[in-house]
Amino acid sequence: MATIETTVTYLEMMAEPHFHFPPPSNLKLMLMRAERPSVGFYRYLYDAAGRNYRWVDRKQLGDAELAAIIADSAVEIWVLYALGEPAGFLEVDGRDAKQVELQYMALLPQYHGKGLGKWFLAEAIRACWARKPERVIVETCTLDAPAALPLYQKLGFVPYDRKVKTIVTDG
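Before going into details, it helps to say that this report is about the structure given with it. This structure is a prediction, so every number in the text was calculated from the model and none was measured.

What follows deals with the nonpolar core. If you look at the biggest cluster of nonpolar residues, it comprises 51 residues, and the most contacted ones within it are Phe89 and Leu102. Ranked by the residues each element gives to this core, the list is headed by helix α3 (residues 117–129), at nine residues. Aside from chain neighbours lying at most four places away, what touches Leu102 is Leu90, Glu91, Leu121, Ala124, Cys128, Ile137, Val138 and Tyr152.

Structural data, given as structure tokens:
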């Protein structure tokens with residue numbers, strides 16, 4: 001186990017944006033909601049997308065605790081497929097009716113640099129606002145991809161807080 005210090009930036013969006021970004025035309029893409037994802041499939045997506053960024057939160061949950069979260073009707077898991085395989089995923093947490101959180105959103109490493117990020121984030125934002133909240137929130141940290149914070153801001157998120165946190169990783 002190792003500890004790492006990171007700066008977390010908390011962002012919010014107070015009004016639904018009205019933009020459209022077409023998907024890249026060079027890949028066959030499909031964005032599909034995983035209606036009842038298994039814990040194993042979720043863990044695969046979480047690890048594959050978050051391994052390079054040292055995502056640990058969901059790894060620390062037992063199967064029953066994780067299953068309760070991802071099976072909640074107010075939590076949506078969306079999987080991006082490219083060329084027939086998972087290319088990324090996003091998680092919308094709508095358990096608080098007033099505020100929806102874009103809990104996770106990431107591409108698998110082999111799909112970085114293919115022009116998917118802006119379109120995928122726009123689709124994630126659309127999924128969040130479909131729940132009609134008062135605001136949408138997301139957080140990012142200095143362990144995330146360097147493009148994450150600027151992309152969130154480019155698509156309309158505004159920082160409202162920053163904190164330094166220490167996380168415990170598996171190495």
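With that settled, consider the packing of aromatic side chains. Scanning the entire structure with this criterion turns up eleven aromatic pairs. Ring geometry for Phe41 against Tyr44: centres 6.4 Å apart, planes inclined by 25°, an arrangement best described as stacked. Here Tyr44 and Phe41 lie together in helix α1 (residues 39–50), a separation of three residues that amounts to about one turn. Residue class for Phe41 comes out partly exposed when judged on its relative accessible area of 26%. In this structure Tyr44 comes out as partly exposed when scored by relative accessible area, which is 41%. Taking the centre distance of 5.1 Å and the plane angle of 45° together, the rings of Trp55 and Tyr104 count as tilted. Of the two residues, Trp55 is situated in the loop between α1 and α2 (63–70) and Tyr104 in strand β5 (residues 99–107); the sequence distance between them amounts to 49 residues. You'll find Trp55 and Tyr104 in the same group, each marked buried. What links up through ring pairs into an aromatic cluster is the set Tyr42, Tyr46, Trp55, Phe89 and Tyr104.

Rules behind the numbers
- The residue numbers shown here count from 1 along each chain, following its written sequence.
- Only residues with pLDDT of 70 or above have their local features reported here, since the model is predicted, and side-chain atom pairs are shown and tallied only from 80 upward, although totals for entire chains, interfaces and linings are computed over all residues.
- Computation of side-chain values: all heavy atoms of the structure, hydrogens and water removed.
- Each nonpolar core is a collection of buried residues, namely Ala, Val, Leu, Ile, Met, Phe, Trp, Tyr and Cys, held together in the definition by side-chain atoms within 4.5 Å.
- Relative accessibility decides the category of a residue: with a 1.4 Å probe and only protein chains considered, values under 20% of the type maximum give buried, values over 50% give exposed, and everything between is partly exposed.
- A run of H or I in DSSP becomes a helix once it reaches four residues, and a run of E becomes a strand once it reaches two; helices and strands are each numbered from the N terminus.
- Every residue pair with non-hydrogen atoms within 4.5 Å of one another is taken to be in contact.
- The criterion for an aromatic pair is that two Phe, Tyr or Trp rings (for Trp, the six-membered ring) have centres within 6.5 Å, with stacked assigned to planes under 30 degrees apart, edge-to-face to planes over 60 apart and tilted to the rest.

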